[in-house]
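# Commentary on secondary and tertiary structure
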Number of protein chains: 2
Amino acid sequence: MKIKRNQLCGSLRKSNIGKIVKLNGWINTRRDLGGITFVDLRDRYGIVQVRFDNDLPNNILKIVKQLNMEDVIAVEGKVQMRPSSSINKKISTGEIEVVVKDFEMLSKAKPTPFEIKKRETGSENLRLKYRYLDLRTEQLQKNILIRHEALQSTRKFLSNEKFMEIETPFFIKSTPEGARDFVVPSRENLGKFYALPQSPQTFKQLLMISGFDKYFQIVKCFRDEDLRADRQPEFTQIDIEMSFIDESDIQKVSEKMLKQIFKDTIDKEISLPFPKMTYQEAMEKYGSDSPDTRFEMKIENVEDFAKQTNFKIFHSVIENGGVVRALKVKNSAEFSRKNIDELTELAKRYGAKGLAYVKFKENKFQSGISKFIDERSGKILVDKLNLTDNDLVFFMADKWKVSLIVLGSIRKYLGKKMDLIDKNEISTLWVTDFPLFEYNDEEGHYQSMHHPFTSPNEEDWKYLESNPEKVRSRGYDVVINGQEIGGGSIRIHSREKQNRIFSALNISDEEINRKFGFLLNAFEYGAPPHGGIAFGFDRLVSILAGEDTIREVIAFPKTTTAQSLMIGSPDIIDEKQLKELGLKIEQKK
Amino acid sequence: MKIKRNQLCGSLRKSNIGKIVKLNGWINTRRDLGGITFVDLRDRYGIVQVRFDNDLPNNILKIVKQLNMEDVIAVEGKVQMRPSSSINKKISTGEIEVVVKDFEMLSKAKPTPFEIKKRETGSENLRLKYRYLDLRTEQLQKNILIRHEALQSTRKFLSNEKFMEIETPFFIKSTPEGARDFVVPSRENLGKFYALPQSPQTFKQLLMISGFDKYFQIVKCFRDEDLRADRQPEFTQIDIEMSFIDESDIQKVSEKMLKQIFKDTIDKEISLPFPKMTYQEAMEKYGSDSPDTRFEMKIENVEDFAKQTNFKIFHSVIENGGVVRALKVKNSAEFSRKNIDELTELAKRYGAKGLAYVKFKENKFQSGISKFIDERSGKILVDKLNLTDNDLVFFMADKWKVSLIVLGSIRKYLGKKMDLIDKNEISTLWVTDFPLFEYNDEEGHYQSMHHPFTSPNEEDWKYLESNPEKVRSRGYDVVINGQEIGGGSIRIHSREKQNRIFSALNISDEEINRKFGFLLNAFEYGAPPHGGIAFGFDRLVSILAGEDTIREVIAFPKTTTAQSLMIGSPDIIDEKQLKELGLKIEQKK
């Protein structure tokens, strides 16, 4: 490089007029005007107008005439005021231009497969293949900067609060609780595998036992789950653990941290403390354990009504221990058959057998299950839901959980579709008092709702063996704008209690010892009471950046089939490598 | 927890006298004295004396009598002045004690397998098994704190310098240049594997192409190398890349960063700029590409002397293009046969066939090769090495590299053994002008000394095909106290030039395209000139902490056979897991 920059494209102002500057950057646009070539030169910091006049040496002019978009160039020139007619108030360098005296071609560019200034000229898959070009776009430049600032803000806050950043290992041991592990074959120990951590859970607990009473880490974790729309096989987590504390300590420090992050990255104030809601209430009112409280439309218990109707299904569901719940959609009686079919499809995806509904128009019930509603039952429903003209009501009659989840999903769907959400609002919420266990119908035993290290509510230990479903945990989730962005719990810190949990989960002693023996042993050498929390960093940043998918806030994301279209991974490996690992491929896709 | 702390053990002072405080911690020591029990209570922040008087309720006294070392307890009590006879000026809380009013047992401890106050009561393997206890020791608490501070200092410095922290992916593609990759089988893409990064090299280059002109990351990397004494399969790296720069920019920012880290973590000033030395000079004078310049004892070219001796081996080595070098060990003629045998063994480990030596005593040459030295050749040697009474000289006559490496190893070994090193000194050094390639005798072709993305010195491109060994690279290493703690280079940023390098390395077009096609393509869309550096963070922290091995600065290290003795990894995995991955184990250990 002959001409190495001494100024940044975005930094030049009127105060630089008269100075000779050196700039390096990409050609954002070029236009020729009466023998003069104007180039908008771009770097990470902004754009500046660069002007090639006719009196430049011919060898330079020749190259200038052939400049392409995205070429990388170096110029040396004089900053001068633009003619008043061409001042651009929209950009911070809009009053000046740089008149080129010397020039160097640094790197030529072929035409890009989509326009850097117009991302939408490329499909998502095309842009993933050329991710290094997509990352040049204004949107991704901004998102990656927000992510950078969120990283710094988080660590700075936690360090100031005396948390210690401690790196936990990536090569650990497979413990198939919860999701599937990714594994790494060991060449030094043939036939054996490391597992990549789904979270540093056991290690952060060991660190508490070691006496590091405040730990944090922003760390990659790995989960080999069946892929869904917005999931990545590798993801980033803010991981926190504290000793000698209770729920309120974790919650307070988490709230302060989030407040700081919102302030530092997008200059938004969020108010503390966050509201709290029990799992029971969240499910009953919002049909979700991560309710979006930015809009109303709550679910109601309409069993009094249901019993009064002639609708046999309602009766039999209630008799069989099920529930009947309703969701009122205000002023929406004009929903078409097609609209309702769509919602019925959505309901079925969440486990409904069907979706009953009725319209309330001119003081009468119409369509759907209206024929089962007589005057008396109708009155009960009108009063309960406070129905007014043109309201639409959906009903779910099924088991408790499925009824609520289905109506909750319809609620979330309609909240977006009907534009009920103020996008500028940040709603925060703690959800608490989760059940410790949930029953896994397929495998026929209980499983942890969070993970097996979660402490039950002290007063619920007595139900552990007799009535496991009644046991509440000391877990808590943080929800922002209807998305769970963090969750944690107070942990068990005694071998005996941890063993009781494993037993309730039907894990054999042999398995317990093989997989968690080190932790149980550690509990016997002086384990402090402790607890913690983990935040999904990708999700958090997507909220900060106002993006719907986490792919927009990850520099090099994978597709929904866990592939990198850019580098072409995963890929086959050499026979030699396989042999060294003592492995044979039995099945290919 | 009934008694949750409101003070830290290490924080109480005379100014707290009269206050009622709550403390939580571990029992560091206990002693009974005339019915009173004194306990030193420990947390991360220090130790405080806690006093249980006789007038406490019986139920508390009963438990207190049975307190063990490392039990975790909570106390509430009044801070009071110690009797002047028992003031301990050595600790910051030594003037006060806490007289217990209320007490809570938080967690009992079994006797620990080694003493927390005396690490050396446990072997390293025992301590690795109980790493969570080893981490309670003063030494590891201190080291992990230094590591934490180094992490914060590094990121703060780089963020302030406008570097952006960008996370690169862990699931990438196997590119068997250099060391072996660890691989991860993909369940979603059976028969295919991800590779874990040996470094984010290609990704940081892509980020430069994306326009993020200053990137950093502190990141885990993975290398499946044959294990050596102080190596870990997973390690941490400070990774840096910049655009529109040359060597001096990277070197300046690296020096400033290191200065800041030394200042912030151990309050040590290091002076800038670091001295520079070419690879050629480092090898010729110190027999190492990472010379320890804290002590003299330089290697000398003694070929003039060698030619004058009657020692045939010297003559034939020189005739065959080899070299003769000498290392003077001052005032060491008293070295025994055993000492010299040890050094000869060391020399052989580094590839020597033997190790010639001679002693200079009372103006005469004795032992070793003295019989081949006549007066004339002796005079040349005395003058060249400036020999004085009782000096010892070692000679290597072999190929250039092996001769120097061997003498360099002896130099390093003796520097330590003879205590020639001032442990308080921090010596810094840039080593530059490395050869771009080295010849791999086993595989019969050239390989990159750093990696294939390193740019050759501009003026040496002309030798690339004709005389590859003559080509110097634009690489640079940072050496601190004789340890390479970082290395980097200016990179190639053109497809055509990168292809020339791959050709010189004998990599087929097909392989190039499969493995590096994405990077070569990216070069064609406007790639800025760029370069970077990476620092071995574990090694750097070990220097800050004054430790010889990186295991002492990693919270949960692996053994030299890449195992975790604590959690027992790697381990077998379930048949079900293997089947899901489409794999079969062909060979076990």
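The shown structure was predicted, so the numbers you read here are calculated from the model rather than taken from an experiment.

Here the focus is the overall build of chain A. The number of helices and strands found in chain A is 16 helices and 23 strands. Based on the C-alpha atoms only, the size of chain A along its principal axes is roughly 90 × 75 × 50 Å. The proportion of buried residues among the 589 residues of chain A is 58%. Total accessible area on chain A is roughly 24800 Å²; 47% of this is exposed by carbon and sulfur atoms. Looking at chain A, you have 94 positive and 88 negative side-chain charges, and the mean spots of the two groups are 5 Å apart.

Attention shifts here to empty space enclosed by the protein. To find leftover empty space, one rolls a probe the size of a water molecule over the atoms. According to the stated counting rule, one finds 13 cavities of 30 Å³ or more in the structure shown. Taken as a whole, the largest cavity spans an internal volume of roughly 290 Å³. Lining the largest cavity we find 21 residues, and of these A:I218, A:V219, B:I218, B:V219 and B:K220 sit closest to its centre. Counting only elements with at least two residues in the lining of the largest cavity, the list comes to helix 4 (138-160) and strand 9 (214-222) of chain A together with helix 4 (138-160) and strand 9 (214-222) of chain B. For the lining of the largest cavity, the residue count by class is 8 nonpolar, 5 polar and 8 charged.

This part covers the pattern of salt bridges. Residue and element names in this part refer to chain A. Counting across every chain of the model gives 115 salt bridges over all chains. Residue K256 pairs with E161 through a salt bridge whose shortest N-O separation is 3.0 Å. With K256 in helix 6 (residues 247-266) and E161 in the loop between helix 4 and strand 6 (164-165), this residue pair connects regions lying 95 residues apart in the sequence. Connected through shared salt-bridge partners, R119, R127, R131, D134 and E552 make up one network.

Residue and element names in this part refer to chain B. Relative to the elements of secondary structure, T37 occurs in strand 2 (residues 36-43). Side chain to side chain, T37 and D32 meet in a polar contact 2.5 Å long. Polar side-chain contacts of T37 include one of 3.4 Å to the side chain of K65. Sequence-distant contacts of T37, that is, excluding residues within four places in its chain, are made with R30, R31, D32, V50, R51, F52, V64 and K65.

This next bit is on the pairing of strand 18 (residues 437-440) of chain B. Taken together, the 4 bridges between strand 18 of chain B and strand 19 (residues 445-448) of chain B define a ladder with antiparallel strand orientation. Residue pairing across strands places B:N440 opposite B:H445, the latter belonging to strand 19 of chain B.

Turning our attention to unusual backbone geometry. Following A:S569, the chain continues into A:P570 via a peptide bond in cis, with omega recorded as 0°. Inspection of the secondary structure puts A:P570 in the loop between helix 15 (537-545) and helix 16 (575-580). Even without being a glycine, A:N331 presents a positive backbone phi close to 55°. Backbone geometry places B:S367, a non-glycine residue, at a positive phi of 55°. Given the relative accessible area of 35%, B:S367 is considered partly exposed.

Expressed as a screw operation, the relation of chain B to chain A combines 0.0 Å of axial shift with a rotation of 180°, fitting to an RMSD of 0.1 Å. Viewed as a symmetry operation, the transformation between the two copies matches a two-fold axis. Looking at the interface residues of chain B, 100% of them are also at the interface in chain A, so both copies use one shared face.

A separate point is the interface of chain B and chain A. At the junction of the two partners, chain B supplies 130 residues and chain A supplies 130 residues. Buried area between chain B and chain A, both sides added, is near 11600 Å², and the carbon and sulfur share of it is 57%. Three residues stand out in chain B for area buried against chain A, namely B:E167, B:F244 and B:Y525, and they jointly supply 8% of the buried area on that side. The interface formed by chain B and chain A holds 24 salt bridges in total.

Moving on, we come to the side chain of A:N189. Assignment of secondary structure puts A:N189 in the loop between strand 7 (183-185) and strand 8 (193-195). In this structure A:N189 comes out as buried when scored by relative accessible area, which is 9%. Polar side-chain contacts of A:N189 include one of 3.0 Å to the side chain of A:S186. Excluding residues that lie within four positions of it along the chain, A:N189 makes contacts with A:Y194, B:T561, B:A562, B:Q563, B:P570 and B:K589.

A few words on the packing of helix 4 of chain A against helix 4 of chain B. As a packed pair, helix 4 of chain A and helix 4 of chain B sit with axes 11 Å apart at the nearest point and diverge in direction by 140°. Taken together, helix 4 of chain A and helix 4 of chain B sit at an angle that is classed as oblique. You can see that helix 4 of chain A and helix 4 of chain B cross each other, and the crossing is left-handed. In contact with A:H148, A:Q152, A:R155 and A:S159 of helix 4 of chain A, helix 4 of chain B contributes B:H148, B:Q152, B:R155 and B:S159. Partitioning the contact of helix 4 of chain A with helix 4 of chain B into residue classes produces no nonpolar, 6 polar and 2 charged.

In this section: the packing of aromatic side chains. Enumeration according to the criterion identifies 57 aromatic pairs over all chains in this entry. Their ring planes at 70° and their centres at 5.9 Å tell us that A:F170 and A:F222 sit as a pair that is edge-to-face. Residue A:F170 is found in the loop between strand 6 and strand 7, and its partner A:F222 is found in strand 9; the two are separated by 52 residues along the sequence. By relative accessible area, A:F222 is classed as buried at 0%. Consider the rings of B:F437 and B:Y446, whose centres lie 6.1 Å apart with planes at 45°: the pair is tilted. Each of the two residues, B:F437 as well as B:Y446, counts as buried.

So, on to helix 12 (residues 400-417) of chain A. Residues and elements named next belong to chain A. An ideal rise of 1.5 Å per residue puts 26 Å on 18 residues; helix 12 measures up with 26 Å between its terminal C-alpha atoms. Listed as buried for helix 12 are V402, S403, L404, V406, L407, G408, S409, I410, R411, L414 and G415. Structurally, helix 12 contributes buried residues whose contacts are with helix 7 (279-286), strand 12 (299-301), strand 13 (323-329), helix 10 (337-349) and strand 16 (391-398). Following helix 12 by one or two positions, D419 adopts a phi angle in the positive range, close to 60°.

For the rest of this paragraph, the subject is the confidence of the model for chain A. Model confidence for chain A is summarised by a mean pLDDT of 95, while 99% of its residues fall at 70 or above. Across the interfaces of the predicted complex, the ipTM metric reaches 0.96, alongside a pTM of 0.96.

Before going further, it helps to examine the packing of helix 10 (residues 337-349) of chain B against helix 12 (residues 400-417) of chain B. Residue and element names in this part refer to chain B. Between helix 10 and helix 12, whose axes approach to 9 Å, the crossing angle comes to 135°. One element, helix 10, and the other, helix 12, form an angle in the oblique class. Crossing handedness for the pair helix 10 and helix 12: right-handed. Along the contact surface, helix 10 presents N339, E342, L343, L346 and A347, while helix 12 presents V406, S409, I410, Y413, L414 and K417. Looking at side-chain class alone, the contact of helix 10 with helix 12 contains 7 nonpolar, 2 polar and 2 charged residues.

Take helix 13 (residues 495-504) of chain B next. Residues and elements named next belong to chain B. Of all the positions in helix 13, only Q498, I501 and F502 are classed as buried. Along the axis of helix 13, the buried residues cluster in a sector spanning 100°; they form a single face. Here the buried face of helix 13 lies against strand 18 and helix 14 (509-523). Once helix 13 ends, the next one or two residues include N506, with phi positive near 70°.

The rules behind each value
- Residues numbered from 1 in each chain as written.
- Chains lettered and ligands numbered in written order.
- Predicted model: local features only at pLDDT ≥ 70, side-chain atom pairs only at ≥ 80, totals over all residues.
- Heavy atoms only, no water.
- Helix = DSSP H or I, 4+ residues; strand = E, 2+ residues; numbered from the N terminus.
- Buried < 20%, exposed > 50% of the residue type's maximum accessible area, 1.4 Å probe, protein only.
- Areas by Shrake-Rupley, 256 points an atom, 1.4 Å probe, with all protein chains shown as cover.
- Lys, Arg positive; Asp, Glu negative; His and termini not counted.
- Charge placed at Lys NZ, Arg CZ, Asp CG, Glu CD.
- 1 Å grid on protein atoms, 1.4 Å probe; cavity = no way out; pocket = protein on both sides within 12 Å on 5 of 7 lines; lining within 4 Å.
- Points joined across faces, edges and corners; volume = space filled by probe spheres on them.
- Nonpolar A, V, L, I, M, F, W, Y, C, P; charged D, E, K, R; others polar.
- Salt bridge = Lys/Arg side-chain N within 4 Å of Asp/Glu carboxyl O.
- Polar contact = N/O pair within 3.5 Å; in protein donor to acceptor, adjacent residues only side chain to side chain.
- Contact = heavy atoms within 4.5 Å.
- Pairing = 2+ DSSP bridges.
- Least-squares fit on C-alpha atoms with pLDDT ≥ 70 in both.
- Buried area = accessible area lost by both parts, 1.4 Å probe.
- Axes fitted to C-alpha atoms, helices over the stretch in contact; angles between N-to-C directions.
- Parallel < 35°, antiparallel > 145°, perpendicular 65-115°, else oblique.
- Left-handed = near helix turned anticlockwise from the far one by under 90°.
- Phe/Tyr/Trp six-rings, centres within 6.5 Å; stacked < 30°, edge-to-face > 60°.
- Expected span 1.5 Å × (residues − 1).
- pLDDT = per-residue confidence, 0-100.
- Arc of directions from axis to C-beta.

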